[in-house]
Each structure stands twice: as C-alpha cells, then as structure tokens.
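Coordinate analysis (summary)
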Amino acid sequence: MPLPPAEHFALQDRVTHDKYGLGSVIGVEEGIAVLVDFGAEVHRITAPYVKLFKL
C-alpha cells in the first residue's frame, strides 16, 4: 500500500510532532526534510513526515 503524499511545509508554519511537541518551521528542503525549532532544540525531520502535523 503506497504512502500518502508528503505534506508541504513553509517557513514559519506552526507544527506539532509526536515526540518533540510544538515547534516552528525554520528551514525547508522541498520534499526531503524540514528544520523545526522546538524551543530547546532544532531537529531535521525527513519526509514523509508521519509524526509531524501543521497546526
């Protein structure tokens, strides 16, 4: 069964992650990864972003 299409994120999008909590997108590698500032940490989340959701 194929994965659903990857969500598209833009700079400054507010997001939530199942493990890291609330954050803000600070970098986008279109279709590859997003850099998210979660306050205390910055994480690079790779596609298909199954645990990352826009608010």
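Before reading on, note that the structure itself is shown above.
Described below are features of the structure shown in this document. (Residues numbered from 1 in each chain as written. Predicted model: local features only at pLDDT ≥ 70, side-chain atom pairs only at ≥ 80, totals over all residues. Heavy atoms only, no water.)

1. Considerations on the pattern of salt bridges
Any two side chains of opposite charge can pair, given that their charged atoms come close. As enumerated under the stated definition, the model contains two salt bridges in all. Residue Lys-54 pairs with Asp-13 through a salt bridge whose shortest N-O separation is 3.8 Å. With Lys-54 in strand β5 (residues 52-54) and Asp-13 in the segment before β1 (14-17), the pair connects residues that are 41 residues apart, well separated along the chain. Residue Glu-29 pairs with Arg-44 through a salt bridge whose shortest N-O separation is 2.9 Å. A residue pair is termed long-range when its members are at least 10 positions apart, and Glu-29 in strand β2 (residues 21-29) and Arg-44 in strand β4 (residues 42-46) qualify at 15 residues. When its relative accessible area of 46% is taken as the criterion, Arg-44 is described as partly exposed. (Salt bridge = Lys/Arg side-chain N within 4 Å of Asp/Glu carboxyl O. Helix = DSSP H or I, 4+ residues; strand = E, 2+ residues; numbered from the N terminus. Buried < 20%, exposed > 50% of the residue type's maximum accessible area, 1.4 Å probe, protein only.)

2. What about the packing of aromatic side chains?
On inspection of all chains with the given rule, the structure shows two aromatic pairs. Note on Phe-9 and Tyr-49: the rings are 5.2 Å apart at their centroids and 85° apart in plane angle, and the pair reads as edge-to-face. Remark: Tyr-49 occurs in the loop between β4 and β5 and Phe-9 occurs in the segment before β1; sequence separation between them is 40 residues. One exposure class covers both Phe-9 and Tyr-49, and it is buried. Across from the ring centre of Phe-9, 5.9 Å away, lies the NZ or CZ of Lys-54, which sits over that ring. (Phe/Tyr/Trp six-rings, centres within 6.5 Å; stacked < 30°, edge-to-face > 60°. Lys NZ or Arg CZ within 6 Å of the ring centre and 35° of its normal.)

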